[in-house]
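Here's the letter readout for the chains.
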Amino acid sequence: MRPLVANCLRFILLALPLLAHASLPENSSVPGGVALVPLCSVSVCAAAPQAWSGKQPVLVTADHDEWVAVVGLALDTTPGPHELRVKIGEETKSQQFAVNAKEYPEQRITLKDKSKVDLSPADEARAKREIAAIMKLKLEWRATPDTDLALMLPAPGELASRFGVRRFFNGEPRAPHVGLDVAVKRGTPVSASAQGIVLAVADYFFNGKTVFVDHGNGLITMYCHLDRIDVQAGAAVSKGQRIGLSGQTGRSSGPHLHWSVVLNGAMVDPELFVAAKPLH
Ligand SMILES: [Zn+2]
């Protein structure tokens, strides 16, 4: 066998198991979850189909012999039948999938700094501007050949407050918790959950010092309340690379890391991506 052919074969043999065992997040078709929607078998559709949820493109990956849409479902998704618009070759069709109901637990938090609960008009205006800026960042789409869906917990620690809990600050109902809190001391190194490009860094009223990492194809992670940020927008980061130190900047009842995962513009449960399992 000629060396070139042997090298090509070796590459194919090495690459095949990676393609066949793409790590997918846990299938959890509920508000705040991720629905894995099979689209077409790889043997029938040679090229990856494209999929959209409303106007937002959706990540599509191969798992064994199946192209699968990995659909982020926002917490306010109505349970019931939903559909994706799917383009296979020149053909466009709609693909149905079901979203089931889920009840998330309640959490009551007491904050001593009342100025972070009852906002001044200036703070209110600032927070509103920042929420709009975050909304825009969440909708970013950067097409990449592949996206690592097996995310690393950004800091080792106890999972303090889970995704989706319905929160009350000093007895007043507030927006539900759209991230995962990891209990870590101030100054703990915080790592990028997977390789990507730093989409933005900011210092927000609620989230404090924040880093956004874009992993491609609509998967974005967000790291909040940092004490220090060690990266700049546009920088490439590798999985596990330190992006800053944890802290309690912004609205925070104590030092912790708030970690959010965004998929096709929806904030979803980060735990579904940690120790990601294959579909079958
Ligand atoms: Zn949090």
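Student: So what exactly am I meant to see when it comes to unusual backbone geometry here?
Tutor: Glycine aside, a negative phi is what most residues show, and trans is what most peptide bonds show. Positioned with a positive phi, H64 is a non-glycine residue whose angle comes to about 50 degrees. Along the chain, H64 turns up in the loop between β3 (56-63) and β4 (66-72). You can call H64 partly exposed: its relative accessible area is 34%. The phi dihedral of N217 is positive, around 55 degrees, even though this residue is not glycine. Structurally, the position occupied by N217 is in the loop between β14 (208-216) and β15 (219-229).

Student: For this particular structure, what's the right way to read the sheet that holds strand β6 (residues 91-99)?
Tutor: What holds strands together in a sheet is hydrogen bonding between their backbones, with the strands either parallel or antiparallel. Overall, antiparallel pairing links the six strands, which are arranged β1-β4-β3-β2-β5-β6 in an open sheet. Lying at the two open borders of the sheet, with one neighbouring strand each, are β1 (34-41) and β6. Strand-to-strand twist of the sheet, defined as the mean angle between neighbouring strand axes without regard to direction, takes the value 35 degrees. Both β1 and β4 contribute to a ladder of seven bridges, which runs antiparallel.

Student: Please clarify how the coordination of the zinc ion should be interpreted in this entry.
Tutor: Ideal values differ by geometry: the angle at a metal is 109.5 degrees with four tetrahedral donors, but 90 or 180 degrees with six octahedral donors. On the protein side, the zinc ion has H177 (NE2), D181 (OD) and H258 (ND1) as donor atoms, found 2.0 to 2.1 Å from it. Along the chain, the residues that donate to the zinc ion are spaced as H-x3-D-x76-H. Of this pair, D181 sits in strand β11 (residues 180-183) while H258 sits in strand β18 (residues 257-263), placing them 77 residues apart in sequence. Of the two residues, D181 and H258, both sit in the buried class.

Student: Where do I start with the sheet that holds strand β9 (residues 166-169) in this structure?
Tutor: The mixed open sheet is built from three strands, whose spatial order is β7-β9-β10. The open sheet has two edge strands with one neighbour each: β7 (106-109) and β10 (172-173). Alignment of β9 against β10, held across two bridges, turns out to be antiparallel. Residue F168 lies in a different strand from β10, and its bridge partner there is P173.

Student: Looking at this structure, how should I read the pattern of salt bridges?
Tutor: It is possible for side chains bearing opposite charge to pair when their charged atoms get close. The final tally for this structure, using the stated rule, is eleven salt bridges. The salt bridge partner of E271 is R162, with a shortest N-O separation of 2.6 Å. Residue E271 is found in the segment after β19 (266-268), and its partner R162 is found in the loop between β8 (158-161) and β9; the two are separated by 109 residues along the sequence. Of the charged contacts, one joins R228 and D230 as a salt bridge, the two residues approaching to 2.8 Å between their closest N and O atoms. Among the charged side chains, a salt-bridge network with shared partners connects R228, D230 and R242.

Student: How should I be thinking about the packing of aromatic side chains in this particular structure?
Tutor: To describe a pair of aromatic rings, you give the distance between the ring centres and the angle between the ring planes. Tallying each qualifying case throughout the model produces three aromatic pairs. With a centroid separation of 6.1 Å and an interplanar angle of 75 degrees, the aromatic rings of Y104 and F163 are classed as edge-to-face. One end of the pair, Y104, is in the loop between β6 and β7; the other, F163, is in the loop between β8 and β9, with 59 residues separating them in the sequence. Across this residue pair, the class does not change: Y104 and F163 are buried. Here Y204 and F212 contribute two aromatic rings whose centre-to-centre distance is 6.3 Å and whose plane-to-plane angle is 80 degrees, an arrangement assigned as edge-to-face. On the accessibility criterion, Y204 (7% relative accessible area) is buried.

Conventions used here
- Residues numbered from 1 in each chain as written.
- Predicted model: local features only at pLDDT ≥ 70, side-chain atom pairs only at ≥ 80, totals over all residues.
- Heavy atoms only, no water.
- Helix = DSSP H or I, 4+ residues; strand = E, 2+ residues; numbered from the N terminus.
- Buried < 20%, exposed > 50% of the residue type's maximum accessible area, 1.4 Å probe, protein only.
- Pairing = 2+ DSSP bridges.
- Axes fitted to C-alpha atoms, helices over the stretch in contact; angles between N-to-C directions.
- Donors = N, O, S within 2.8 Å, 3.2 Å for Na, K, Ca; no water.
- Salt bridge = Lys/Arg side-chain N within 4 Å of Asp/Glu carboxyl O.
- Phe/Tyr/Trp six-rings, centres within 6.5 Å; stacked < 30°, edge-to-face > 60°.

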